[in-house]
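Structure at a glance
Given next are the chains, with one letter for each unit.
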Amino acid sequence: MRSVMDIRTIQNLNLFEKITGAKARCCFNYNSAIVFVVPRHLLNQALGKNASNINRLYLKLNKRVRIIISPLDNPSIGDIERFVKSIVYPYDFKNAIVENGELIIFSMPRTKAALIGRDKTRLKELTDIIDRFFGIKKIVIK
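Residues numbered from 1 in each chain as written. Predicted model: local features only at pLDDT ≥ 70, side-chain atom pairs only at ≥ 80, totals over all residues. Heavy atoms only, no water.

We now examine the packing of aromatic side chains. A complete count under the given rule lists five aromatic pairs for this structure. Measuring from ring centre to ring centre gives 6.2 Å for Phe28 and Phe133, while their planes differ by 70°; the resulting arrangement is edge-to-face. Here the residue Phe28 occupies a position in strand 1 (residues 26-30), and Phe133 occupies one in helix 6 (residues 121-134), the gap between them amounting to 105 residues. According to the relative accessible area criterion, Phe28 is buried, its value standing at 7%. Arranged with centres 5.6 Å apart and planes meeting at 80°, the rings of Phe83 and Phe134 form a pair that is edge-to-face. Taken together, the residues Phe83 in helix 4 (residues 77-88) and Phe134 in helix 6 connect sequence positions 51 residues apart. Each member of the pair, Phe83 as well as Phe134, carries the same accessibility label: buried. Three or more aromatic residues joined by ring pairs form one cluster here, namely Phe28, Phe83, Phe133 and Phe134. Directly above the aromatic system of Phe93 lies the positively charged group of Lys85, at a separation of 5.4 Å from the ring centroid. (Phe/Tyr/Trp six-rings, centres within 6.5 Å; stacked < 30°, edge-to-face > 60°. Helix = DSSP H or I, 4+ residues; strand = E, 2+ residues; numbered from the N terminus. Buried < 20%, exposed > 50% of the residue type's maximum accessible area, 1.4 Å probe, protein only. Lys NZ or Arg CZ within 6 Å of the ring centre and 35° of its normal.)

Here the focus is the nonpolar core. Among the nonpolar cores identified, the biggest contains 25 residues, and Phe28, Val84, Ile87, Ile105 and Leu126 are the most heavily contacted of them. Listed by contribution, the elements that provide at least two residues to this core are strand 1, strand 2 (33-38), helix 4, strand 5 (102-106), helix 6 and strand 6 (138-141). Tallying contributions element by element places helix 6 first for this core, with six residues. Leave out the neighbours within four places in its chain, and Leu126 touches Tyr30, Val84, Ile87, Val88, Ile105 and Ile139. Counting residues in each nonpolar core, the second largest holds 17 residues, with Ala24, Cys27, Phe36 and Ile54 among its members. (Core = buried A, V, L, I, M, F, W, Y, C linked by side-chain atoms within 4.5 Å. Contact = heavy atoms within 4.5 Å.)

Along the chain, Ile87 falls in helix 4. For Ile87, a relative accessible area of 0% corresponds to the buried category. When the C-alpha atoms of Ile87 and Asn31 are compared, they prove to be 9.5 Å apart, with 56 residues separating the residues in sequence. With near-sequence residues (within four places) excluded, Ile87 lies in contact with Phe28, Tyr30, Arg66, Ile68, Leu126 and Ile129.

Next up on the list: the confidence of the model for the protein chain. Of the residues in the protein chain, 96% have a pLDDT of 70 or more, and the chain-wide mean is 89. When pLDDT is averaged over each element of the protein chain, strand 2 comes out on top at 94 and helix 4 at the bottom at 88. (pLDDT = per-residue confidence, 0-100.)

Assignment of secondary structure puts Ile68 in strand 3 (residues 64-69). The buried category is assigned to Ile68, whose relative accessible area is 5%. Measuring from C-alpha to C-alpha, the distance between Ile68 and Val88 comes to 11 Å, with 20 residues separating the pair along the chain.

Once that is clear, we can look at the pattern of salt bridges. Taken as a whole, this structure holds six salt bridges when the rule is applied. Taking the shortest distance from any N to any O, the salt bridge between Glu17 and Lys23 comes out at 3.7 Å. Classification of Lys23 by relative accessible area gives exposed; the value is 53%. Linked through salt bridges whose partners overlap, the residues forming this network are Glu81, Lys85 and Asp92. (Salt bridge = Lys/Arg side-chain N within 4 Å of Asp/Glu carboxyl O.)

Now the structure itself:
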């Protein structure tokens, strides 16, 4: 996992750790929300009782906050698909395939439009995230 941190990312990670007590592996912006990536065994601690930690983070940051499970160190195609589905939730797609160093996502037409976004903003954000975690440089949505 390649990681470049700016001051805003470091501040968000420190605030997350201070409020939840759980250490996040990283955070990034997707669809105007801050997404924190935590290991599976720290998920309950990060969420808090009745998702109280998410509400506290929302009040502090004034942005939507999402917490997802980090992928394994040696991911399979199923792990990549599960990770992408957790990022793009509530939108869903049929399946994802990795061929020739690119990720191909098969989806319905309305979901395809939502995944790409206006001026391909969400597609660019998703491409940066997938490149950061898995080293896949190109995403094709069909």
